[in-house]
Amino acid sequence: MSAQAPQKRLYIKTYGCQMNVYDSERMADILAPLGYAMSPTPQGADLVVLNTCHIREKATEKVYSELGQIRLLKLETQAAGGTMTIVVAGCVAQAEGEEIMRRQPAVDLVVGPQAYHQLPELIARTHRARGERLATDFAAEAKFDALPTERRPTGVTAFLTVQEGCDKFCTFCVVPYTRGGEWSRPADAIEAEARGLAEQGVRELTLLGQNVNAYAGEGGLAALVRRLAAIPGLDRIRYTTSHPRDMDDALIAAHAEVDALMPYLHLPVQSGSDRILKAMNRAHTADSYLRLIGRIRASRPDIAISGDFIVGFPGERDADFEATLQLVGDVDYATAFTFKYSRRPGTPAAALPGQVDEAVKDERLARLNDLINAQARAFNTRQTGRTLPVLFERRGRHEGQLIGRSPYLQAVHVTAPDRLIGQIVPVHIDGAARMSLAGSLVPTRELEAV
Ligand code: SAH
Ligand code: SF4
Ligand code: F3S
């Protein structure tokens, strides 16, 4: 008989970007051998991890209010004679380590994004009540070396972090401070992880990095994509997030030549005003961005372009905002994420004069959203009548319905049997909304005729 550790319950709540989603999965992987099994709620959990995001003020404040709730659960657990260990991980942990422990003494441990591989040891030490409570080293390499190579994917799509950190220092952004400098994982380790996932049924892989197209392994991201596309079973590859500065010719060519590379590109521009782009330290102009989009579309004409925008950056005048609307009009996005500028302590833009009124930000955000929503709806509507290959991922909300993704990352709702989950199937697109498509299975006889 094997001496198995008793089951303990682990609750992880994830905030922020997809890189945090990946990190949360890896935290679960590294804690599983210690007997921790995932719990869907924090009630009665032995270990609670909040994997946090620092990008905007609201994201950070959410963490403190959640911690207030978790503290009450911890007190209940203690009153019943049990223990609950509370860990704050992620970007707030990195940026505000000491402050977190001061503001919420119920927190046992604070672990930054490059230090979570130390969790088993840190937790053991905490339990022996002589622990260091703050681990915020910056050695991404040590982390990946320490993580288990095996992963247990939960579906047919998976994230895989290939690059971390940022050297760009956009003046509004905390990421270079919370994630450290740019670092790329060796291609061999990435390929091994990807093969393991494919062997367990993963069909679509999204390569992650704060600046994923700055991937610095030999041949850059394009070579990595080609290498992964050769893995049997991996039919779809995506990557996010990219910086316009690092979009090289090889990667643009890969979009024309590699079938597995999906026609979707998230390429944030932030603003359409050169004056604001300069103040943001973005190193591109509206015109250079438009020319880049032109080259990408020449390579892959049907590619869905998405982006990020910030309205109300310090000093943004009406004319600057109009330039943003103009650029959005010129690009014609498939979708985009829009944000009101949030002043982040310690970043250069926080100290700039000309901070914009909240009401003005609200108004600009609403106008920008209207335009982008109209473009998204139009992009989706253009798919109606087409037959698209859809990778079915899971059951939908309605009986007998499945949800999958089109090559353009649109959610597609289809009446289809469960056995098609994990399959890529031709679907006739019948209708479109702003966020999703409705489709129907193409009868086999019709397919044979094609
Ligand atoms: N590396 C990515 C972005 C990561 S942060 C890139 O450069 O594209 C994700 C998005 O959050 C950014 O693109 C930006 O639009 C937004 N963001 C970052 N800092 C912000 C701030 N201080 N206020 C509002 N939005 C912000
Ligand atoms: Fe932040 Fe700019 Fe780096 Fe993106 S490129 S993570 S916006 S500093
Ligand atoms: Fe947030 Fe950190 Fe990602 S600040 S957006 S969780 S890199």
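Our subject is the structure that appears above.
Each value, and the rule that gives it
- Residues numbered from 1 in each chain as written.
- Chains lettered and ligands numbered in written order.
- Predicted model: local features only at pLDDT ≥ 70, side-chain atom pairs only at ≥ 80, totals over all residues.
- Heavy atoms only, no water.
- Helix = DSSP H or I, 4+ residues; strand = E, 2+ residues; numbered from the N terminus.
- Buried < 20%, exposed > 50% of the residue type's maximum accessible area, 1.4 Å probe, protein only.
- Contact = heavy atoms within 4.5 Å.
- Pairing = 2+ DSSP bridges.
- Axes fitted to C-alpha atoms, helices over the stretch in contact; angles between N-to-C directions.
- Near = heavy atom within 4 Å.
- Nonpolar A, V, L, I, M, F, W, Y, C, P; charged D, E, K, R; others polar.
- Phe/Tyr/Trp six-rings, centres within 6.5 Å; stacked < 30°, edge-to-face > 60°.
- Lys NZ or Arg CZ within 6 Å of the ring centre and 35° of its normal.

## Topic: the environment of C53
Okay, so step 1: With respect to the helices, strands and loops of the structure, C53 is situated in the loop between β3 (47-52) and α2 (57-79).
Okay, so step 2: Since its relative accessible area comes to 11%, C53 is described here as buried.
Okay, so step 3: Once the C-alpha coordinates of C53 and I310 are considered, the two residues, 257 residues apart in sequence, prove to be 17 Å apart.
Okay, so step 4: Filtering out sequence-adjacent residues up to four positions away, C53 remains in contact with Y15, G16, N20, A59, T60, C91 and V92.

## Details of the sheet that holds strand β10 (residues 204-208)
Okay, so step 1: In space, the 3 strands of this open sheet follow the order β7-β10-β11, with parallel pairing throughout. Strands with a single pairing partner mark the edges of an open sheet, and in this sheet they are β7 (157-161) and β11 (236-240). On average, each strand axis in the sheet is tilted by 25 degrees relative to the strand beside it, whichever way the strands run.
Okay, so step 2: Across the sheet, helix α1 (residues 18-31) lies against β7, β10 and β11, angled at about 95 degrees from β7, the strand it touches most.

## What about the site of ligand 2?
Okay, so step 1: Around ligand 2, the neighbouring residues are C166, K168, F169, C170, F172, C173, V175, P176, N211, H243 and R282.
Okay, so step 2: Looking at the shell around ligand 2 residue by residue, the class counts come to 7 nonpolar, 2 polar and 2 charged.

## Some words on the packing of aromatic side chains
Okay, so step 1: Tallied over the full model, the rule gives 6 aromatic pairs.
Okay, so step 2: With a centroid separation of 5.4 Å and an interplanar angle of 85 degrees, the aromatic rings of F309 and Y333 are classed as edge-to-face. Of this pair, F309 sits in strand β13 (residues 304-311) while Y333 sits in the loop between α12 (318-331) and β14 (335-340), and the two are 24 residues apart along the sequence.
Okay, so step 3: Residue classification places Y333 among the buried residues on the basis of a relative accessible area of 1%.
Okay, so step 4: Plain terms: the ring middles of F379 and Y408 are 5.7 Å apart, the flat faces sit at 85 degrees to each other, and that makes the pair edge-to-face. Here the residue F379 occupies a position in helix α13 (residues 358-381), and Y408 occupies one in the loop between β16 (401-405) and β17 (411-415), the gap between them amounting to 29 residues.
Okay, so step 5: The class of F379 is buried, set by a relative accessible area of 8%.
Okay, so step 6: Grouped by ring-pair contacts, the aromatic residues F172, F313 and Y341 constitute a single cluster.
Okay, so step 7: Between the NZ or CZ atom of R56 and the centre of the ring of F339, over which it lies, the distance is 3.7 Å.

What is shown is where atoms sit, not what they do.
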